[in-house]
Amino acid sequence: MSRAELWIIILGGMTVTYLIRLSFFFFIPPDRLPEWGRRGLRYIPPAVLAALIVPDLLLLDGTLYLSIANHRLIAGSIAALVAWRTGNTWLTIVSGLLTFGLLGLL
Amino acid sequence: MPGIEFLRGARDQLPILLGVVPFGVIFGALAISAGIPALEAQSFSLFIFAGSAQFIAVSLIAGAASPFLIILTILVVNLRHMLYSASLAPHVYHLSNLWKIPLSWLLTDEAFIVASARYRKGSPGFAHWYFLGTGLMLWVAWQLSTFLGITLGALIPSGIGLDFALPLTFMALILPTLTDRPTWAAACTAGAFSILLANLPFKLGLLIPAVLGIGVGLGVEMRSAKPEQANGDEA
């Protein structure tokens, strides 16, 4: 692929990405959203986060991996417990990574 | 105070960097091995600044797809950012363009997640400085890690499990958003569909489950309506 083509991709990719990110900041005022749209906004963070977390814990190479041999699932569950009890981000991460590391040694 | 908010935003992005930096290094190394010159490889990170889209673009470039198709793919992969834009818009819309331009530039998955946790806490005062700090921290780390990958190759082993820091961080951040039945319904729906649709291309396995989760959250909210009177019996 030529360098000119690479630059077309970089600049084109930048333009479309940036327009998407700008969309609601610039072009669609929040108070012009319909009622259901405005109420739907509060579900975006939990939905997005769940869709990011769950596959990381439950999938191995794209297939469901429900087993006590699934170290990510075990470590993630312990981290969830720590997050729930403490609400502390670092403690959650450290407990999860430690559990994951220890399980790897077994 | 703006300075303190900025630094807090940067600090709160740190755990996420554990997971992101190895990906940046791999991206740089992969771009070089796909035959992309160093300047252009770095420019992908500088100008597009969207990890998943960059990875997919590089694999399409290696497969000699047409530039038009690649740009279209980047568009589809990043479509989910529109949700983030909508979600944060009520907090950002009143700001001057001088703010909105850099903030939307920095609106990645990671910046959205950390910034929206900040906005949840209320007292918005200088929260846009927090948003800027957290976004800029990620941007700088993405540039440096890309550069490392370009210059040194994939020296950092990817299999040491640090990428596991990402779901763990998200775990700490999702709990405060689960405040009632509709938010739980949104999260459970999105989680379930993220498994069912895991093999969809173009990051649609994230966008579609998220949209379905939002829809179900709204549906549950409407069904259990009368929010003014019936709030007490929500668990």
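Because the structure is a prediction, the values reported are computed rather than measured. Residue numbers restart at each chain and count upward from 1, following the sequence in its written direction. All chains are assigned letters beginning at A, and all ligands numbers beginning at 1, according to the order in which they are written. Per-residue local features are limited, in this predicted model, to residues with pLDDT of at least 70; the limit for side-chain atom pairs, both in listing and counting, is 80 or more; totals at the level of whole chains, interfaces and linings are taken over all residues.

(A) The arrangement of the overall build of chain B in detail. From N to C terminus, chain B includes 12 helices and 0 strands. Numbering of helices and strands runs from the N terminus; a helix is a DSSP stretch of H or I covering at least four residues, while a strand is a stretch of E covering at least two. Sequence-ordered secondary structure for chain B, helices as α and strands as β, is α-α-α-α-α-α-α-α-α-α-α-α. C-alpha atoms define the radius of gyration in this analysis, and the globule rule sets the expected value at 2.2 Å times the number of residues to the power 0.38. A globule of 235 residues ought to have a C-alpha radius of gyration of about 18 Å, and chain B, at 19 Å, matches this closely. With the principal axes as the frame, chain B shows a C-alpha extent of 65 × 45 × 35 Å.

(B) Seen up close, the nonpolar core. Throughout this description, the term nonpolar core refers to a group of buried Ala, Val, Leu, Ile, Met, Phe, Trp, Tyr and Cys residues whose C-beta atoms join them within 7 Å. Once C-beta atoms are placed from the backbone, each residue is buried if 20 or more other C-beta atoms lie within 10 Å of its own, exposed if 12 or fewer, and partly exposed for counts between those two. Ala47(A) and Ala210(B) are the most contacted members of the largest nonpolar core, which totals 98 residues. Top contributing element to this core by residue count: helix H1 (residues 2–33) of chain B, with 13 residues. Ignoring any residue separated from it by four or fewer positions in sequence, one finds Ala47(A) in contact with Ala186(B), Ala187(B), Ala190(B), Ala210(B), Gly213(B), Ile214(B) and Gly217(B). For the purpose of contact definition, each residue receives a C-beta atom placed from its backbone, and two residues are in contact when these atoms lie within 7 Å.

(C) Seen up close, the interface of chain A and chain B. Taken together, the contacts link 58 residues of chain A with 70 residues of chain B. Among the secondary structure elements, those contributing two or more residues to the side of chain A that touches chain B are helix H1 (3–27), helix H2 (35–40), helix H3 (44–58), helix H4 (71–86) and helix H5 (89–105) of chain A. For the side of chain A that touches chain B, the element with the most residues is H1(A), which contributes 19 residues. Per-class residue counts for the side of chain A that touches chain B are 42 nonpolar, 10 polar and 6 charged. Note on residue categories: nonpolar means Ala, Val, Leu, Ile, Met, Phe, Trp, Tyr, Cys or Pro, charged means Asp, Glu, Lys or Arg, and polar means any other residue, Gly included.

(D) The arrangement of H3(A) in detail. One less than the residue count of a helix, multiplied by 1.5 Å, gives the span that helix is expected to have. The first and last C-alpha atoms of H3(A) sit 22 Å apart over 15 residues, in line with the 21 Å expected at 1.5 Å per residue. Of all 15 residues making up H3(A), 13 are buried, and the element is well covered by its neighbours.

(E) Molecular detail of the environment of Phe47(B). Relative to the elements of secondary structure, Phe47(B) occurs in helix H2 (residues 38–48). C-alpha separation for the pair Phe47(B) and Thr134(B), spaced 87 residues apart in sequence, amounts to 18 Å. When near neighbours in sequence (up to four residues on either side) are disregarded, Phe47(B) contacts Ile10(A) and Met14(A).

(F) Spatial organisation of the domain arrangement of chain B. Residue and element names in this part refer to chain B. A domain assignment, automatic or from a database, supplies the domain bounds used here. Parsing chain B into structural domains produces domain 1 (2–159) and domain 2 (178–225). Placing the centre of domain 1 and that of domain 2 at their C-alpha centroids yields a distance of 24 Å. Facing 7 residues of domain 1, the contacting portion of domain 2 comprises 5 residues. If you tally residues by element for the side of domain 1 that touches domain 2, the top one is helix H4 (residues 67–78), at 3 residues. Here the side of domain 1 that touches domain 2 is composed, by residue class, of 4 nonpolar, 2 polar and 1 charged.

(G) Highlighting the packing of H3(A) against helix H10 (residues 181–196) of chain B. Only the contacting stretch of a helix is used when fitting its axis, a line to C-alpha atoms as for every element, and angles between N-to-C directions run 0 to 180 degrees. The interhelical angle for the contact between H3(A) and H10(B), taken along N-to-C directions, is 40°, at an axis separation of 7 Å. With respect to each other, H3(A) and H10(B) are oriented oblique. Crossing of H3(A) over H10(B) shows right-handed handedness. Residues Pro46(A), Ala47(A), Ala50(A), Ala51(A), Val54(A), Pro55(A) and Leu58(A) of H3(A) form the contact with H10(B), whose participating residues are Thr183(B), Ala186(B), Ala187(B), Ala190(B), Gly191(B), Ser194(B) and Ile195(B). By residue class, the composition of the contact of H3(A) with H10(B) is 11 nonpolar, 3 polar and no charged. Any angle that falls under 35 degrees is termed roughly parallel, while one over 145 is termed roughly antiparallel, one within 65 to 115 roughly perpendicular, and all others oblique. By definition, any crossing whose near helix is turned counterclockwise from its far helix by less than a right angle is left-handed, and any crossing with a clockwise turn is right-handed.

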